[in-house]
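Tertiary structure, described
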Amino acid sequence: MTPMTPAPAPRPLLNRRLAEFGTTIFAEMSALALRTGAINLGQGFPDTDGPEEVREAAVRALRDGRGNQYPPGPGVPELRTAISAHQERTYGLSYDPDTEVLVTAGATEAIAASLLGLVEPGDEVIALEPYYDSYAASIALAGGTRVPVTLRPGAEGSRSGFHLDLDELRRAVTDRTRLLLLNTPHNPTGTVLTREELAGIAELAVERDLLVVTDEVYEHLVFDGEHLPLASFPGMRERTVTISSAGKTFSFTGWKVGWVTGTPELVTAVRSAKQFLTYVSAGPFQYAVAEALALPGSYFTGLREDLRAKRDLLAKGLGEVGLTVHRPAGTYFITTDIRSIGESDGFAFCRALPERVGVVAIPNAVFYDHRDEGAPFVRFAFCKQKSVLEEAVTRLKRLAV
């Protein structure tokens, strides 16, 4: 009797390109916060709404029937015009609202659509490490190969925060490199790339004929230095896809309104992928964000000053606990080094922290390919009410007991 051939193992249901990702750390830690009643300084969302006039603009759009049906694929004209005006007014960058602006379902979709539209299997994509977790998933979905270049904290006495080694970036570029994926102001480290760093990136991109996708969602949350769009550097407008969104600037993260600016050719490539993702989204909210972008400069100044005070409050408290604090130049996150209190495993520290003191944070290692590089770093969000941050600091001081 002929022996039966064993049946092959069943193929996994999940697309193998996504097999390494699983549930995001944000879902895990937010669930832990709910279960324990801990203060959630993990996920980066404000605990108060943004300007009342912007919220009322959304209500007005709903009532007036604007955006309740499918909006135009590229976004409503009012918002595309407002985005174009914002880039011109703030940075002196001119974009045609009809051909060089695309509205997306938040910056997350903008990133995914950019990579799906511009990257083919086998292309290498360089990303600054640590990186926001959707970057890795989007590169994988596009079939690209992720090449991390690590940001590292500066030496004692040097400029605070994390830094880019331009020589390391240059060495990472190969003949297969298609695209640089940048984030400044940078989540999770709070680094704001300097003019010199950006000029070095621009020189490299032009020299090696690379495309660049820049995630600039924290553009208005800069406390030290200034935000300089890479597209404003020589030779970069024609090769840069610039991404931003309303969520971080106006504290309406649930509306998921983002956008892309670039040349007609680049925007067309991104739109070609985007149209098969959400097609369109957030119709009434698009009209509200158009009004938000036209708010006076005092709004943006007030937002920065409020968050600067919260940064300083939390940074002072974390330092008093004994943590090494890497004071951020931008965003609303603080990265700390837990080795200063005798810890070394960020995952273990964060998973135990809610039970120990009633606070949730995020282990930075989840944002690294080189997990050992990120192991001792932990991120805290300060986009919360002052009273919440004060209570969090009080609880965290139990670590020093």
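Preceding block: the structure.
Heads up: these notes are all about the structure in this document.

How each quantity is defined
Residues numbered from 1 in each chain as written. Predicted model: local features only at pLDDT ≥ 70, side-chain atom pairs only at ≥ 80, totals over all residues. Heavy atoms only, no water. Salt bridge = Lys/Arg side-chain N within 4 Å of Asp/Glu carboxyl O. Helix = DSSP H or I, 4+ residues; strand = E, 2+ residues; numbered from the N terminus. Buried < 20%, exposed > 50% of the residue type's maximum accessible area, 1.4 Å probe, protein only. Polar contact = N/O pair within 3.5 Å; in protein donor to acceptor, adjacent residues only side chain to side chain. Contact = heavy atoms within 4.5 Å. Pairing = 2+ DSSP bridges. Axes fitted to C-alpha atoms, helices over the stretch in contact; angles between N-to-C directions. Phe/Tyr/Trp six-rings, centres within 6.5 Å; stacked < 30°, edge-to-face > 60°. Lys NZ or Arg CZ within 6 Å of the ring centre and 35° of its normal.

Remarks on the pattern of salt bridges
Using the criterion set out here, one finds 27 salt bridges in the structure. For Arg195, the salt bridge identified is with Glu226, shortest N-O distance 3.5 Å. Taken together, the positions of Arg195 in helix H7 (residues 195-208) and Glu226 in the loop between strand E8 (211-215) and strand E9 (240-245) put the pair 31 residues apart, joining distant regions of the chain. The class for Glu226 is partly exposed, based on a relative accessible area of 45%. Salt bridges sharing common partners tie together Asp224, Arg311, Asp312 and Arg327.

Examining the side chain of Arg311
Topologically, Arg311 is positioned in helix H11 (residues 297-321). Here Asp312 takes part through its side chain, which lies 3.0 Å from a polar atom of the side chain of Arg311. Apart from the residues within four sequence positions on either side, Arg311 is in contact with Phe223, Asp224, Arg327, Pro328, Ile334 and Phe382.

Quick word on the side chain of Asn364
Position of Asn364 relative to the elements: it lies in the loop between strand E14 (362-363) and helix H13 (371-374). Here Arg379 takes part through its backbone nitrogen, which lies 3.3 Å from a polar atom of the side chain of Asn364. Not counting residues up to four positions away in its chain, the partners in contact with Asn364 are Pro188, Thr335, Gly374, Phe377, Val378 and Arg379.

With respect to the sheet that holds strand E10 (residues 258-261)
Sheets are built from strands paired through backbone hydrogen bonds, the pairs being either parallel or antiparallel. Strand order in the open sheet formed by 7 strands is E2-E10-E9-E8-E7-E3-E4, and the pairing between neighbours is mixed. Strands with a single pairing partner mark the edges of an open sheet, and in this sheet they are strand E2 (101-104) and strand E4 (145-150). Pairs of neighbouring strands in the sheet enclose a mean axial angle of 20 degrees, with direction left out of account. Relative to E8, strand E7 (residues 177-183) runs parallel, the two sharing 5 bridges. Within E8, the position partnered with Leu182 by the bridge is Thr214. With respect to the sheet, helix H9 (residues 264-274) is in contact with E2, E8, E9 and E10, its orientation differing from that of E2 by roughly 25 degrees.

Concerning the sheet that holds strand E11 (residues 324-326)
Pairing is antiparallel in the open sheet, where 4 strands are placed in the order E11-E12-E15-E14. Each edge of the sheet is formed by a strand with only one pairing partner; in this case those strands are E11 and E14. By the bridge criterion, 2 bridges tie E14 to strand E15 (residues 377-381) in an arrangement that is antiparallel. Of the residues in E15, the one forming a bridge with Pro363 is Val378.

Focus: the packing of aromatic side chains
Tallied over the full model, the rule gives 14 aromatic pairs. Ring geometry for Tyr132 versus Tyr135: centroids 6.2 Å apart, planes at 80 degrees, classification edge-to-face. Look at Tyr135 and you get buried, because its relative accessible area is 2%. Aromatic pair Tyr332 and Phe333: ring centres 5.3 Å apart, planes at 70 degrees, arrangement edge-to-face. Accessibility classification places Tyr332 together with Phe333 in one group, the buried group. Site record: aromatic cluster; members linked through ring pairs are Phe26, Tyr132, Tyr135 and Phe367. It is Arg66 that lies over the ring of Tyr287; its NZ or CZ is 4.8 Å from the centre. Across the ring face of Phe45, the terminal group of Lys384 is positioned such that the distance to the ring centre comes to 4.0 Å.

A closer look at the pairing of E15
Where burial is concerned, most of E15 is hidden: 5 out of the 5 residues are buried. The side-chain alternation of E15 yields two buried faces, one formed by Phe377, Arg379 and Ala381 and the other by Val378 and Phe380. Sheet analysis places strand E12 (residues 333-337) next to E15, joined by 5 bridges and oriented antiparallel. Among the inter-strand pairings, Thr336 is bridged to a residue of E15, identified as Val378.

The values are spatial; any link to function lies outside them.
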